[in-house]
Amino acid sequence: MILIAISWIYILFTTINLGVGLDKTMKLNNKNFAITSILGLFSTTMVASIWAIFGRINIEFHIVLILLNVFLLLKFHNSVIDLYKSFLLELQQLQKSLQIILAVVTVLILLQCASIPFVIDNESYYIQTIKWLNEYGFIKGLANLHLFYGQTSGWHITQSVFNFSFLYKNFNDLSGFCLLLGNVFAIQKLNEYNKNGNKNYLLVGLLPLFNIFFFQFISAPSPDIPVYIFSFIFFFYFLENFKQITSETFYLLLILVLFLLYIKNTTLTFAVFPLILLAFNFKSLSEKLLKPILLSASVIILFFIKNLIICGSPLFPSKIFPTLTTDYAIPSAIQTFYYDNLKYYGYFITAEQYNSMSVWDLFIRWITLPKLNGLFNKLSVFFILVLPFFIYKFKNEKALWLLYVNMILQIFLLLITSPQYRFFIQFVLFFSLFCFICLIQNKKLMNVLLVLSQIPIAIILFFPFNLSKFANHKSLMEISTFSTNNIVFPYQNSKSNTTFENIQLGNLKYNSPQKNDFLWASGNGDLPCVNKKQIDTFEKYFQYIPQMRTNELKDGFYAKKISINE
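How each quantity is defined
Position numbers for residues count from 1 along each chain, tracking the sequence in the order it is written. In view of the model being predicted, local features appear only for residues whose pLDDT reaches at least 70, and side-chain atom pairs are presented and counted only at 80 or more, with totals across whole chains, interfaces and linings using the full set of residues. For side-chain calculations, the full set of non-hydrogen atoms in the structure is used, while hydrogens and water are omitted. Only runs of H or I of at least four residues qualify as helices and only runs of E of at least two qualify as strands under DSSP, and these elements are numbered from the N terminus. By the convention used here, residues are in contact when the closest approach between their heavy atoms is within 4.5 Å. In this tally, Lys and Arg are treated as positive and Asp and Glu as negative; His is ignored, and so are the chain termini. The atom standing in for a charge is NZ when the residue is Lys, CZ when it is Arg, CG when it is Asp and CD when it is Glu. Pairs were defined over the aromatic rings of Phe, Tyr and Trp, the Trp ring being its six-membered one, requiring ring centres within 6.5 Å. Orientation was assigned from the angle between planes: stacked under 30 degrees, edge-to-face over 60, tilted for the rest. The buried label goes to any residue with under 20% of its type's maximum accessible area, the exposed label to any with over 50%, and the partly exposed label to all in between, with areas taken from a 1.4 Å probe on protein chains only. Axis definition: a line fitted to C-alpha atoms, over the contacting stretch in the case of helices. Angles run 0 to 180 degrees between N-to-C directions. The scheme is simple: roughly parallel for angles under 35 degrees, roughly antiparallel for over 145, roughly perpendicular for 65 to 115, oblique for anything else. The hand of a helix crossing depends on one turn: near helix anticlockwise from the far one by less than a right angle means left-handed, and clockwise means right-handed. A 1.4 Å probe that fits but cannot get out identifies a cavity on a 1 Å grid over protein atoms alone, an open set with protein on both sides within 12 Å along at least five of seven lines counts as a pocket, and a residue lines either if it has an atom within 4 Å of a point. Grid points are joined across faces, edges and corners, and a volume is the space filled by probe spheres set on the points. By the convention adopted, Pro, Cys, Tyr, Trp, Phe, Met, Ile, Leu, Val and Ala count as nonpolar, Lys, Arg, Asp and Glu as charged, and the other residues, Gly among them, as polar. Of all possible arcs, the one meant is that of the directions from the helix axis to the C-beta atoms. Each patch groups residues whose relative accessible area exceeds 30% and which form no salt bridge, using 9 Å between like charges and 5 Å between nonpolar side chains of Val, Leu, Ile, Met, Phe, Trp and Tyr. Method for areas: the Shrake-Rupley scheme with a 1.4 Å probe, in which residue coverage is limited to the protein chains shown. Salt bridge, as used here, is a side-chain nitrogen of Lys or Arg placed within 4 Å of a carboxyl oxygen of Asp or Glu. Here, strands pair whenever DSSP counts at least two bridges between them. The term nonpolar core refers to a set of buried residues drawn from Ala, Val, Leu, Ile, Met, Phe, Trp, Tyr and Cys, joined through side-chain atoms within 4.5 Å. Whenever two N or O atoms come within 3.5 Å, that pair is a polar contact, provided that in protein one can donate a hydrogen and the other can accept it, and provided that, for residues adjacent in sequence, both atoms are side-chain atoms. Any helix carries an expected span of 1.5 Å times its number of residues minus one.

1. Details of the overall build of the chain
Within the chain, the regular secondary structure consists of 23 helices and 6 strands. For the chain, the proportion of contacts with a sequence separation of at least 24, taken over those separated by at least 6, is 70%. Across the chain, the mean location of the 42 positive side-chain charges is 7 Å away from that of the 27 negative side-chain charges.

2. Quick word on the packing of aromatic side chains
In this structure the tally under the stated criterion is 64 aromatic pairs. Note on Phe 337 and Phe 538: the rings are 5.7 Å apart at their centroids and 85° apart in plane angle, and the pair reads as edge-to-face. In this pair, Phe 337 sits in helix 16 (residues 332-347) while Phe 538 sits in helix 23 (residues 532-542), placing the two residues 201 residues apart along the sequence. The partly exposed category is assigned to Phe 337, whose relative accessible area is 23%. Among the residues examined, Phe 538 registers a relative accessible area of 8% and is labelled buried.

3. Brief notes about the packing of helix 13 (residues 272-280) against helix 20 (residues 398-415)
Relative orientation of the contacting elements helix 13 and helix 20 amounts to 150°, with a least axis distance of 12 Å. Taken together, the axis directions place helix 13 and helix 20 in an arrangement best described as roughly antiparallel. Crossing of helix 13 over helix 20 shows right-handed handedness. Along the contact surface, helix 13 presents Val 272, Phe 273, Ile 276 and Phe 280, while helix 20 presents Lys 398, Leu 402, Leu 403 and Asn 406.

4. As for the layout of surface pockets
When its volume is computed, the second largest pocket comes out at roughly 460 Å³. The biggest single contributor to the lining of the second largest pocket is helix 6 (residues 120-135), with 5 residues. Its residues placed into classes, the lining of the second largest pocket shows 6 nonpolar, 13 polar and 4 charged.

5. Here's the deal with helix 18 (residues 359-367)
Taken together, the buried positions of helix 18 are occupied by Leu 362, Trp 366 and Ile 367. For helix 18, the buried positions fall inside an angular range of 125° around the axis, keeping them on one side.

6. Comments concerning a nonpolar patch on the surface
Residues Leu 445, Val 448, Leu 452, Ile 455, Ile 459, Phe 462 and Phe 463 make up a contiguous nonpolar surface patch of roughly 640 Å² in combined accessible area. Considering the arrangement of structural elements, one finds Phe 462 in helix 22 (residues 443-462).

7. Some remarks on the pairing of strand 4 (residues 508-513)
With 5 of 6 residues buried, strand 4 is to be regarded as a mostly interior element. Between the antiparallel neighbours strand 3 (residues 500-505) and strand 4 lie 2 residues, among them Gly 506 with a positive phi of about 60°.

8. Let's talk about the nonpolar core
Phe 230, Phe 431 and Phe 434 are the most contacted members of the largest nonpolar core, which has 191 residues in total. Discounting chain neighbours no more than four positions away, the residues touching Phe 230 are Ile 38, Trp 155, Cys 178, Leu 256, Phe 259, Leu 260 and Ile 263.

9. Here's the deal with the side chain of Ser 380
You can see Ser 380 is positioned in helix 19 (residues 371-394). On the accessibility criterion, Ser 380 (0% relative accessible area) is buried. Ser 380 has contacts with Trp 366, Ile 411, Phe 424 and Val 428, leaving out every residue within four places of it along the chain.

10. A few points about the packing of helix 6 against helix 7 (residues 154-162)
Their axes nearest at 9 Å, the elements helix 6 and helix 7 cross at an angle of 60°. Between helix 6 and helix 7, the angle is such that the two are oblique. The handedness of the crossing between helix 6 and helix 7 comes out as right-handed. In this structure, helix 6 uses Tyr 125, Tyr 126, Thr 129, Ile 130, Leu 133 and Asn 134 to contact helix 7, whose residues at the interface are His 156, Ile 157, Gln 159 and Ser 160.

11. Here's the deal with the pattern of salt bridges
All chains considered together, the criterion is met by 9 salt bridges. Where Asp 121 meets Arg 422, a salt bridge forms, and the shortest distance between an N and an O atom there is 3.6 Å. Separated by 301 residues along the polypeptide, Asp 121 in helix 6 and Arg 422 in the loop between helix 20 and helix 21 (425-439) bring together distant segments of the chain. Note that Asp 555 is salt-bridged to Lys 554, the shortest N-O span being 3.6 Å. On the basis of relative accessibility, which here comes to 22%, the residue Asp 555 falls in the partly exposed class. Through salt bridges with shared partners, a single network forms among Asp 121, Asp 224, Lys 264 and Arg 422.

12. Structural notes on the side chain of Thr 498
Looking at the element boundaries, Thr 498 is found in the loop between strand 2 (478-479) and strand 3. Within the local environment of Thr 498, its side chain forms a polar contact with the backbone nitrogen of Lys 515, the two atoms lying 3.0 Å apart. Those residues within four positions of Thr 498 in sequence are excluded, and the remaining contacts are Pro 513, Gln 514 and Lys 515.

13. Points about the pairing of strand 5 (residues 544-548)
Burial of strand 5 is extensive: 5 of the 5 residues sit out of reach of the surface. The alternating pattern of strand 5 places Tyr 544, Pro 546 and Met 548 on one face and Ile 545 and Gln 547 on the opposite face, and all of these are buried. Pairing of strand 5 with strand 6 (residues 557-561), which is carried by 5 bridges, proceeds in the antiparallel orientation. Across the sheet, Pro 546 pairs through a bridge with Ala 559, a residue of strand 6.

14. Structural notes on empty space enclosed by the protein
A complete count under the given rule lists 6 cavities of 30 Å³ or more for this structure. Here the largest cavity is characterised by a volume of approximately 120 Å³. Forming the walls of the largest cavity are 15 residues, and the residues nearest its centre are Ala 143, Asn 144, Ile 334, Phe 538 and Pro 546. Taken together, the elements giving at least two residues each to the lining of the largest cavity come down to helix 23 and strand 5. Each residue belonging to the lining of the largest cavity can be placed in one class, and the counts come to 12 nonpolar, 3 polar and no charged. When its volume is computed, the second largest cavity comes out at roughly 70 Å³. The wall of the second largest cavity is formed by Lys 199, Asn 200, Leu 203, Phe 394, Lys 395, Phe 434, Ile 437 and Cys 438. Of the residues in the lining of the second largest cavity, the class split is 5 nonpolar, 1 polar and 2 charged.

15. Digging into helix 1 (residues 2-26)
In a regular helix each residue adds 1.5 Å, so 25 residues correspond to 36 Å; helix 1 covers 36 Å between its end C-alpha atoms and thus fits that length. Phi turns positive, to about 55°, at Lys 27, one or two residues after helix 1.

16. Looking at the environment of Glu 248
For Glu 248, the position within the fold is in helix 12 (residues 247-263). Using a relative accessible area of 28% as the deciding quantity, one classes Glu 248 as partly exposed. The spacing of Glu 248 and Asp 23 is 225 residues in sequence and 9.4 Å in space, taken between C-alpha atoms. Apart from residues lying up to four places away in sequence, Glu 248 is in contact with Lys 27, Leu 28 and Asn 29. Within the structure, Glu 248 has its side chain in polar contact with the side chain of Thr 246 (distance 3.2 Å).

Structure, rendered in structure tokens:
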């Protein structure tokens, strides 16, 4: 835990420097400490992505990063110092109750990050994706080795920078740092709400009420956490500035959207917001579009390059650009399998069941799923039905209606692609707070609820809790608890202690976990690492096996077609 806290001090130092640099470049005129750090995370991600095209994100990158830190600190010394001073002053001016809540939340986040990783995707591809970035950067055709590596997120690129793999092997907690930034931002806005009475400040200020939900994602670098946090911040600025937006705020909202898209492509519907803002404010923004156009084009091109290298095509999974595919592209049959199974998994049915069900049958299946899946699916439908009444009666504003329409669009797109509640939960959480504050506005009650909402987190952190009533997957049945063994040193990056066997397949020698919890499990094995069961399954059903493109791992992989009798 203590080592994580020390690493976060350096991460904060770096992101503030880079955030100020981006702020000055884009002329954002931002004064918020947490937003500056988020801008720094975005800058780090973009710089690291460019670097990963040519080489590994390792000690060489950090030497350059330190030099960049020094340059920015010297160039913008006064701005950086003023930002720290104003932030410390803001902390001192917080209400005592909010100071205590923030201190408690900070400690709880550190405790959770030091505990056993809970997120199942950490065992399938987070760990290995970040290892490849640390040791090689972007690798051609890497998704042919393990299909999930095609999902390499911008957030994993950021984590590969800040896990300091050349110094220590157990840093894997950037999502916890992001959640802390979100809580800092929220508590600042809640404190301001107590002075100005602006309900937009209250909406984002109550974000810590959902820490009990967020905590289950932060002991591993889940991209879901930055999506949730950045979405809430985006909603706040969108509502607060929709009627009269400045170029500075437009640039900030655009950066948040670009970051969201680069982190997770399920946030695609957010791309309409900058277009809406531009349409409503074209006269005032039209002469200041060069920078946002160049920035957007750069991020989109970088996104396509990343996918072209790792997957062999600009989008994964997609056949939209058939002429841009490479000789190491993922075979069409496997891409189709992946895309289709995203749909089946969201409904928890087989391909045969899916193909035999009508649209209405699928909807009923989706809304009546058991446990958390069904609960959040029902909530989303509930809010779609009741929100028009709440918006019309309590806050009949165009910006809020646009958020509501975007939520419907998001759910609709996910219903036909991958209808998992965690891909639209930010809307459900946000609008649940909206309905709540429409009905209850007692400030003392809000503070009491914030305090009470952190108590279950503390209990779960120290006492085993079984999730069989909430989770469907057997590996998600028990939340990890904090151990005193991790006060200084955090738990290892994987919750599995399995050994690995070395297997030769053609020209590929790979490591496979001997204990197979599920088909996609790879754990924390040495590179290259992939589950033998997955290799055997793809060979049996698709007649493809992964092979090295040359004798060097750095040159990547391709899918070799084999005959059935081979």
